[in-house]
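The chain contents come next:
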There are 2 protein chains.
Amino acid sequence: MPKRVSPPELTLRQRPKGTTLTRWLYDELRGAIADGRLRAGTRLPASRDFAQHYKLSRGTVVTVFEQLEIEGFLRTKVGAGTWVSNTAERPLARRQTFDASRKLPSPMGGLKRDGPAHPFRCYEPAVDQFPRHIWARLASRRMRGASADFLSERDAQGHKPLRDALANYLAVSRGVKCSADQIVITSGVQQALDLVARALLKRGDSIWMEDPGYFGAVTAFRNAGVNVVPVPVDEQGISVTSGRKRARNAKAAYLTPAHQFPLGVMMPAERRLAILDWAREAGAFLIEDDYDGEYRFEGSPAPCLQSLDRNDSVILMGTFNKILFSSLRVGYIVLPPALLDPVLAFRFGLDQNSVALEQGVLCDFIVEGHLGRYVRRTRELYGARLAVLQEEIRRRLGGLLEVPPIQAGLSTVAYLRNGVASRRAESAAASYGVETMAIDRFRIERKDVEGLLLGFAAFDERQIRKAAEKLEAALTGLQARRETA
Amino acid sequence: MPKRVSPPELTLRQRPKGTTLTRWLYDELRGAIADGRLRAGTRLPASRDFAQHYKLSRGTVVTVFEQLEIEGFLRTKVGAGTWVSNTAERPLARRQTFDASRKLPSPMGGLKRDGPAHPFRCYEPAVDQFPRHIWARLASRRMRGASADFLSERDAQGHKPLRDALANYLAVSRGVKCSADQIVITSGVQQALDLVARALLKRGDSIWMEDPGYFGAVTAFRNAGVNVVPVPVDEQGISVTSGRKRARNAKAAYLTPAHQFPLGVMMPAERRLAILDWAREAGAFLIEDDYDGEYRFEGSPAPCLQSLDRNDSVILMGTFNKILFSSLRVGYIVLPPALLDPVLAFRFGLDQNSVALEQGVLCDFIVEGHLGRYVRRTRELYGARLAVLQEEIRRRLGGLLEVPPIQAGLSTVAYLRNGVASRRAESAAASYGVETMAIDRFRIERKDVEGLLLGFAAFDERQIRKAAEKLEAALTGLQARRETA
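Bear in mind the structure is a predicted one, so any value in this text is a computation, not a measurement.

**Student:** Explain the relation of the copies chain B and chain A residue by residue, including any values.
**Tutor:** For the match of chain B to chain A, the screw axis carries a shift of 0.0 Å, the RMSD comes to 0.1 Å, and the turn is 180 degrees. Taken together, the rotation and translation describe the operation of a two-fold axis. Across chain B, the smallest distance between a C-alpha and the rotation axis is recorded for Ser140(B), namely 2.7 Å. Looking at the interface residues of chain B, 100% of them are also at the interface in chain A, so both copies use one shared face.

See the structure below:
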């Protein structure tokens, strides 16, 4: 019979509600070892005695002792009993409480991005218009009927039926010519940029970047070690002449031809052909970010640059996060066939593959015609809202702000015509509760553009008129101070 | 009155079903310009005559002419009419059809990953056990009641209620001590690794990597330009002694302490404390990948290494893709407070934030007790399935395969004891329809471990017994060939 030891002076705390006996005993003993109440070398009573002493079943005690032994906190030797091992006498982690101050990339410093959107927060779609009940029904149906294949899907390229639906949708709505096999589903344009930059560009390669332009693209390229060459945007989009002067042999260019971000100009055919010419000569590829190409309020939407490309130069990317709702997280890349393999091979290391349920639901949403109806309905709505904003600005802010006659998107630039700097105007607006984005947040090198970006899609006529009135007060005040200065 | 021109010899193709008149006319004219049927300088009839000639409303014609003018394909001058502009005379893109051959990272070359899982496919949970109807109900409820905030959520850290639920779940189930503010939601361990490697390590930094180990981690580190230092795994996990010899001043180490991937050993307390000591001395951090820590079939699950850490050295990461279903795509990182800001700042450039609906549904699934019940139920099931596999291998494959007495996870290693190389055994098994993974797929430098990884969680007793019989035939045949050679 093993030598009996006397029980240690060990108080076990009362068992919390909902904790099993095993879990409780384990935590108590492990805590006691970790904080030194049970020191190295201390012998424990035999499991039988321990169980009796603490009114537990012997099975519970044996299970816990074995577990602690597996983890190295206890040692057992037949005939010698159980004792606390030498290497385990350390206090448990002391945890700090922590108040996180979350960071946005520096171009967004000081901007409000959470909480209810107030006019004119940029790039918000009208989520109150979104048919939640349809999405809920489709999600429930998809999940109830989910096959083992759907739940285990690991296609790094994305759910095949969604890619089929998307190829068709992009052909009809954006003039894109592609097969489902050229499409890679991502969580949005940002992931598409990160993936393409890392899979297809080498560190030190140069890329033409629209200036002003989308800072998320700049971030993705810089994160991949790519040399970002700012190229000015004029009234036709990125200047190919400037680009050729600055970096004739760049490996790529980043473009927003449908609706330049943030200035809103549409790239006309002449410029499109000029940049395709450069791409062919330089052997470069063109990243076409079609982030809100669906929203054009006059005429048909301009087809994608991709539809004019006959040299497999264009990589098209787009997103449903701006059309439907931003927390959806489904976007896509349309790749020239030769670029597919390197992108897919890289994708595994990034995040393996995308969420299945969202892909399935979006697929049904497209195939059953909901997307088409929703885009048509919101296109009309957004067009009317833009008209109200343009009218209000003309009427109230004539000499101060100038909105170009662009009929597209979810946001519009408004150029400052009173000599006030963008950031000062943004702050003044914010002090009146009006959310805007200063254009200089998007500039890389340029200092010659002063303006505000104003979102209109998510706000009704009354909200727009009210916010325009506040904006008038904010900017008129600024001008007055300037004149008296 | 403007000069009238005669209509060009232009045949318009029949309008396809479902295409609007505007879209059809636009496509026809643009196609004709692009393929040269309408050449530069060709004058078009006045819109009125054009409309009459083709039986269209004049409004349709005007809209299309204006659109083509905006895009630069047409030019109009009052008094001179409309003509095809000079810069637009190029053929449309000729698209190739394409048959994509998708790539997996090279360590997975030749492995089946899609289609129905056959025994013993690795790391598959039993998706047939998953309560789809509960998930469907929660998804529908979340979406029907979705607030504008939920649809617009852009918290790069993840849905706050999910982080609260997760902090609680991890405390109870894995001994983790953290607040919701230390958690970042990702799409899984792979994205967590990519994010942490890029945000916290510099190019050229060294990291200890378990050898054999998870190739997805090697990929993530190498993609970030980090120098991967292979450190051998022994019966206690990664060898701290070897690590110190090979790279004493490494900046980090990658570990799977609960259940080493792929060998399955649990790191005992002694080794845990030794590696925490090294991390403190070196100022390094430890990446603890707790990929299937919930599944331990004897005793309580070993608490995370993170719970022993008192120097904020441990970055814990885990996933629900292995517990619930692989296409879910929700995982998490638990960060020491000081590392939160750089990780969040980097996350914007990666993919901005995670899918809201999955986060909301998972939150409800945890809070309403479904996760706890599901893990308990499958833990029992998987334990029983592992027991069947172990019994079958002992009985049928005694001298050929040896399964260590590990009671954890979704897959187990089986060491080859007949001198046959891992890949040859894997091929032989595959020729009998049995899916396995050769252990050498996971090695970095080592050549001294030969074995197969066998998944058991997704297969019932009958499937396991049947596949073990086939495996016996496959491996016995191999041994026989070797003996007669």
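There's more to say after this.
**Student:** Which residues make up the sheet that holds strand S12 (residues 401-402) of chain A, and what values go with them?
**Tutor:** Residues and elements named next belong to chain A. Spatial ordering of the open sheet is given by S12-S13-S15-S14, a layout of four strands whose pairing is antiparallel. Strand pairing shows two members of the sheet lacking a second neighbour, S12 and strand S14 (437-438), which therefore form its edges. Bridging between strand S13 (residues 411-416) and strand S15 (residues 451-455) involves five bridges; their strand directions are antiparallel. Its bridge partner being in S15, Ala414 is matched across the sheet by Leu452.

**Student:** Provide a residue-level description of the environment of Asp181(B), including the pertinent values.
**Tutor:** With respect to the helices and strands, the residue Asp181(B) is situated in the loop between helix H6 (160-174) and strand S4 (183-186). For Asp181(B), a relative accessible area of 17% gives the class buried.

**Student:** With reference to specific residues and values, describe the packing of helix H4 (residues 132-144) of chain A against helix H12 (residues 356-367) of chain A.
**Tutor:** All names here are of chain A. Their axes nearest at 9 Å, the elements H4 and H12 cross at an angle of 120 degrees. Of the possible angle classes, the one that applies to H4 and H12 is oblique. As for how H4 packs across H12, the hand of that crossing is right-handed. Counting all contacts with H4, which are made through Ile134, Trp135, Leu138, Ala139, Arg141, Arg142 and Met143, the residues of H12 involved are Leu357, Glu358, Gly360, Val361, Leu362, Cys363, Asp364 and Phe365. Tallied by class, the residues present in the contact of H4 with H12 amount to 10 nonpolar, one polar and four charged.

**Student:** Can you lay out the interface of chain B and chain A for me, pointing to particular residues and giving the numbers?
**Tutor:** Bring the parts together and some accessible area is lost; that lost area is often taken as the interface size. Every contact between the two is made by 112 residues of chain B and, on the other side, 112 residues of chain A. Taking both partners together, chain B and chain A bury about 10300 Å²; carbon and sulfur atoms supply 52% of that area. At the boundary of chain B and chain A, one finds six salt bridges. When the shortest N-O distance is used, the salt bridge between Asp194(A) and Arg198(B) registers 3.1 Å. Summed over the shared surface of chain B and chain A, the result is 26 residue pairs in polar contact (both at pLDDT 80 or more). Sorting elements by how many residues they give to the side of chain B that touches chain A places helix H11 (residues 340-351) of chain B first, with nine residues.

Thresholds, definitions, all that
Residues numbered from 1 in each chain as written. Chains lettered and ligands numbered in written order. Predicted model: local features only at pLDDT ≥ 70, side-chain atom pairs only at ≥ 80, totals over all residues. Heavy atoms only, no water. Least-squares fit on C-alpha atoms with pLDDT ≥ 70 in both. Contact = heavy atoms within 4.5 Å. Pairing = 2+ DSSP bridges. Helix = DSSP H or I, 4+ residues; strand = E, 2+ residues; numbered from the N terminus. Buried < 20%, exposed > 50% of the residue type's maximum accessible area, 1.4 Å probe, protein only. Axes fitted to C-alpha atoms, helices over the stretch in contact; angles between N-to-C directions. Parallel < 35°, antiparallel > 145°, perpendicular 65-115°, else oblique. Left-handed = near helix turned anticlockwise from the far one by under 90°. Nonpolar A, V, L, I, M, F, W, Y, C, P; charged D, E, K, R; others polar. Buried area = accessible area lost by both parts, 1.4 Å probe. Salt bridge = Lys/Arg side-chain N within 4 Å of Asp/Glu carboxyl O. Polar contact = N/O pair within 3.5 Å; in protein donor to acceptor, adjacent residues only side chain to side chain.

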